[in-house]
Amino acid sequence: MNLVFAVVIGALFGAGVYLLLKPDLFRVVLGLVLVSNAASLTLMASGLTRGQAPIAPVTGPEPVADPLVQAMTVTALVIGFAVTALLLALVFGVSRTGHSVDLDALSRAEAREAEAAEARELAHDEEREPDTREHQQRGHDEVTR
Amino acid sequence: MSLIAVPLLVLWPAAIAAALLDGRRRGIGVLAIAALTAALGLLAVLLAAVVTGGPRELVAGGWPGDVGIRLRVDALGAVFAVLSCSVLLAALVQAVLTGIRSRAMPALTLFMALGLTGLFLTGDIFSFYVFFELAMISAYALTAAGGSGRELGAAFLFAVVNLVGSFLFLIAIGALYRATGTLEMEAVAAQAAPLEPNTAIPIAITFFVAFGIKLGLFPFHFWLPTVYVSVSPPVGAMFAGALANIGAYGLLRFGAAILPAELEFSATALIVIGTVSIAYGALQAIARRDTREVLAYSAIGHAGYVLVALGLGGPAGLTAAVIFSLANAINKALLFLASELRGPLVASAFLIGALSVAGVPPTAGFFGKAALFEAGIDAGSVATVALLFVGGALSFVYLFQIYQHDRWRPRAEREREMPTGRANAGQRGIAVALALVVLALGLWPEPLLAIGERAAQDLAATGARP
C-alpha cells in the first residue's frame, strides 16, 4: 500500500512540476493544483490506519482509525481550493491587461514597452539638449561681448 | 491563560468586517488601525507576562491536553508577534495617510496580522501551516491589489513560487507526523530526537527549503526582487519587516527547537549557503540604483546573516539570530517607509536606517551585528568575523549609493525619474517615529538583548525537554 501511495504521489508531483515549468500560465496553475494534491495525498498516506470509526464513545477492543490525517487533508484541500481560485483570478487579470496568458508573449510585450519608454526618454533628452546648448552659447557670447 | 487567544479574537472579526466594507473610505482604515493597535497592546502585555512568567499555553475548546489544539507562546513567539504587528501598524498608518486606493487593503493587512500572530503563538505544527497560509495569501492579494499588469505578474510569480514552498512544507509536516506520531511542537521535538538520520535529514531539508523560499535565501531568492520592486512602500515595509519574519522564525523554531540535532549536523552547509547569500545580496545591491531593488537584494543578504548565526549555533548563535532578525525587521520597515518621501526629516530618518543596517552605533542594527560578532568569536571562526566585517562594509556602500542617488542630486533631475510630492506631516512622522525607535534601541539596548537571550533560552529548552 505504501508503495502504491509513493508511486502515485511521485507521479503527481512530477507531472505538477513539469507543468509548472511551462510558459503557459494556465498550465502553471494546473501544475500547482497537481502539486497540492500530491501534498494532500502525502498527508493522507502519513497516517492511514485500519480501525473502527473514530467517533466517541469508542466501543470494543478494536483500534481506532487515525482521524487526524483526514482532518489535515480536508484543511489542506480547502486551502488549496482557495489558492487555486486566487491564482485563476490573477491569470484572468494578467490576460486582461496583457492580452495573453503566454509568458513568452508577455515578456516580449514588456520588453517592447521598455524599449519604447527608453526611446521616448532619449527623444526627450535630445529635445532638451540643443536648447541648453543654445543657452550656454548665449551666456558665453554675453561674456565675450 | 486566555490572554493568548484574545489578540486573535480582536483581529479576526475586525478583518472580516473590514473585508465586507470599502477599504478606500478613511473610516475603514481608521477601524483597521484601531483593531491592530488593540491587538498590539494585548500582545505587548502578553510579551511582558511571558518574559517575567515563562511560556504560557492554552488548549483550544477545553479538550484534554493531548487531544486539543494547543496555542503556546514563549518569549521568541511573543517578541516576533509584537514586532510584526508594530511594523504592520506603522505601514498601515502610512498607507491610510497616503490614501488607500485599493478596496481590500485594510482587510488584507488585518488578515496578515492575524496569520502572523497566529503562527507565532501556536504550539501545533499544522495550525502553524494554516496561519502561515493565511498570512501568505493576504500577501499575494496585497501584491496584486493595484491591478496593473506588472503588479499582477509579480503577484502571480510570488504566489506560484511560495505555494510550491508551502506544499513542500505540507509534505514535510506529513513526513514528520509519520515519523513522530504527533503534531504538537514539544512532543515532536522529544520524539524526533531518537530518529535515524536517514529519516530526519530529508525532513529537515524539506523544511529548510520551504522556509528558505519564504526568507529569500540565495538559491531560492529569484522571486523576491520582482515582488519588492512592484509594490508600494507601505506594502514593501510589510513584506520586509513582517512577512519575512516567518522565514526567520520558522528556521529558528523548526531548526533550533524541533530538529536541533539535524541543525547541528548541517551547520557547515548552512554557513556556506548563508555566506553565498550575503555576498550575492550585497554585490547585486551595489549594482542597482532603484531604492526598492537595492532593499530587495539587501533582504537576500540579510537572510544569509540569520542562517550563518544558526549555523554557528550554541546559545550565542541563537541569541544573535534572534537579535539580528528583530533589528533587521525594524531597519527594513524604516527604509521602505522612508524611501519615497522627501524632506530633511525623512532624509535623516533614512540615514539612521542606513546606519543601522550597516551596523554603526548608536543604532539597533549595531547590536544585531555585535551579537553576530560575538557568536563568531565564540565559535572561533575567523572566516565568519571577516565575512561579517566585509558584509557590513558592503551594505554601507550600497545604502549610501542610493542615499546619494536619491537625495543629493538636483531636484529637477530627481523628479523627472521619480515624481513624488512633498510628504505630509503624518507620513513623515511615521518614518521619524520608526527612526527614533531604532535610535532608542541603540542607546538603551538592554530590553532587546534581554529578550533575545530569553527567546534563545526558551528555544533551547524546547529541544532539551524529555
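The structure displayed is predicted, hence computed values, not measured ones.

Cut-offs and rules
Residues numbered from 1 in each chain as written. Chains lettered and ligands numbered in written order. Predicted model: local features only at pLDDT ≥ 70, side-chain atom pairs only at ≥ 80, totals over all residues. Helix = DSSP H or I, 4+ residues; strand = E, 2+ residues; numbered from the N terminus. Rg over C-alpha atoms; globule rule 2.2 N^0.38 Å. Buried ≥ 20, exposed ≤ 12 C-beta atoms within 10 Å, placed from the backbone. Contact = placed C-beta atoms within 7 Å. Domains from an automatic or database assignment. Nonpolar A, V, L, I, M, F, W, Y, C, P; charged D, E, K, R; others polar. Core = buried A, V, L, I, M, F, W, Y, C linked by C-beta atoms within 7 Å. Expected span 1.5 Å × (residues − 1). Axes fitted to C-alpha atoms, helices over the stretch in contact; angles between N-to-C directions. Left-handed = near helix turned anticlockwise from the far one by under 90°. Parallel < 35°, antiparallel > 145°, perpendicular 65-115°, else oblique. pLDDT = per-residue confidence, 0-100.

1. A short note on the overall build of chain B
- Looking only at helices and strands, one finds 21 helices and two strands in chain B.
- Over its C-alpha trace chain B gives a radius of gyration of 21 Å, about what one expects of a compact globule, namely 23 Å for 466 residues.
- Principal-axis analysis of the C-alpha atoms places the extent of chain B at approximately 65 × 55 × 40 Å.
- Here chain B holds 466 residues, and 62% of them are scored as buried.
- Taking as baseline every contact in chain B between residues at least 6 positions apart, the subset at least 24 positions apart corresponds to 80%.

2. Quick word on the domain arrangement of chain A
Residue and element names in this part refer to chain A.
- Looking at chain A, the domain boundaries give domain 1 (2–101) and domain 2 (103–145).
- Taken residue by residue, the interface counts four residues in domain 1 and five residues in domain 2.
- Here the side of domain 1 that touches domain 2 is built from residues that sort into two nonpolar, two polar and no charged.

3. Some remarks on unusual backbone geometry
- Cis peptide bonds are those with omega within 30 degrees of zero, and the linkage from Pro361 of chain B to Pro362 of chain B qualifies with 0°.
- Structurally, Pro362 of chain B can be placed in the loop between helix 16 (344–358) and helix 17 (364–378).

4. Digging into the interface of chain B and chain A
- The interface is formed by 25 residues belonging to chain B together with 25 residues belonging to chain A.
- Broken down by secondary-structure element, the contributors of at least two residues to the side of chain B that touches chain A are helix 5 (125–144) and helix 6 (149–180) of chain B.
- In terms of residue count, helix 6 of chain B provides more of the side of chain B that touches chain A than any other element does, 16 residues in total.
- Of the residues in the side of chain B that touches chain A, the class split is 18 nonpolar, five polar and two charged.

5. Some thoughts on the environment of His302 of chain B
All names here are of chain B.
- Looking at where His302 falls in the secondary structure, it is placed in helix 14 (residues 291–312).
- For His302, a count of 31 C-beta atoms within 10 Å puts it in the buried group.
- C-alpha of His302 to C-alpha of Glu133: the two residues are 169 residues apart in sequence and 23 Å apart in space.

6. Looking at the environment of Thr84 of chain A
Residue and element names in this part refer to chain A.
- Tracing the chain through its elements places Thr84 in helix 3 (residues 68–98).
- According to the C-beta neighbour criterion, Thr84 is partly exposed, with 16 such atoms within 10 Å.
- Spatially, the C-alpha atom of Thr84 lies 14 Å from that of Ala39, the residues being 45 residues apart in sequence.

7. Looking at the nonpolar core
- Counting 218 residues, the largest nonpolar core has Leu110 and Ala333 of chain B as the members making the most contacts within it.
- Broken down by element, the residue count for this core peaks at 21 residues, all from helix 6 of chain B.

8. Concerning helix 14 of chain B
Residue and element names in this part refer to chain B.
- The terminal C-alpha atoms of helix 14 lie 32 Å apart, and with 22 residues this matches the ideal 32 Å at 1.5 Å per residue to within 8%.
- Summarising burial for helix 14: 21 of the 22 residues are buried, a large majority.
- Gly313 occupies a position one or two residues after helix 14 and carries a positive phi of about 65°.

9. Here we look at the packing of helix 14 of chain B against helix 17 of chain B
Residues and elements named next belong to chain B.
- Direction vectors running N to C along helix 14 and helix 17 enclose 35°, while the axes themselves pass 10 Å from each other. The hand of the helix 14/helix 17 crossing is left-handed. Residues Tyr305, Ala309 and Leu312 of helix 14 form the contact with helix 17, whose own contacting residues are Leu372, Ala375 and Gly376.

10. Remarks on the packing of helix 10 (residues 233–243) of chain B against helix 15 (residues 314–338) of chain B
Residues and elements named next belong to chain B.
- At a minimum axis distance of 8 Å, the contact between helix 10 and helix 15 shows a crossing angle of 170°. By the angle between their axes, helix 10 is roughly antiparallel relative to helix 15. Side by side, helix 10 and helix 15 meet where Pro233, Pro234, Gly236, Ala237, Ala240 and Gly241 of the first sit next to Ala329, Ile330, Lys332, Ala333, Phe336 and Leu337 of the second.
- Along the lines of polarity and charge, the residues of the contact of helix 10 with helix 15 split into nine nonpolar, two polar and one charged.

11. Notes on helix 13 (residues 267–286) of chain B
All names here are of chain B.
- Relative to the 28 Å expected for 20 residues at 1.5 Å per residue, helix 13 spans 29 Å between its end C-alpha atoms, a close match to the ideal helical length.
- Listed in full, the buried residues belonging to helix 13 are Leu270, Ile271, Ile273, Gly274, Thr275, Ser277, Ile278, Gly281, Ala282 and Ala285.
- Contacts from the buried residues of helix 13 go to helix 14 and helix 18 (382–407).

12. Quick word on the confidence of the model for chain A
Residue and element names in this part refer to chain A.
- When the pLDDT values of chain A are averaged, the result is 80; 85% of them are 70 or greater.
- The weakest mean pLDDT in chain A belongs to helix 4 (residues 103–144) at 64; the strongest belongs to helix 1 (residues 2–20) at 92.
- Within the model, the stretch residues 131–145 combines pLDDT values under 50 with zero contacts to residues more than four positions away or in other chains.

13. Digging into the confidence of the model for chain B
- Residues at a pLDDT of 70 or more form 96% of chain B, whose mean pLDDT is 85.
- Our summary of model confidence lists the complex with pTM equal to 0.88 and ipTM equal to 0.85.

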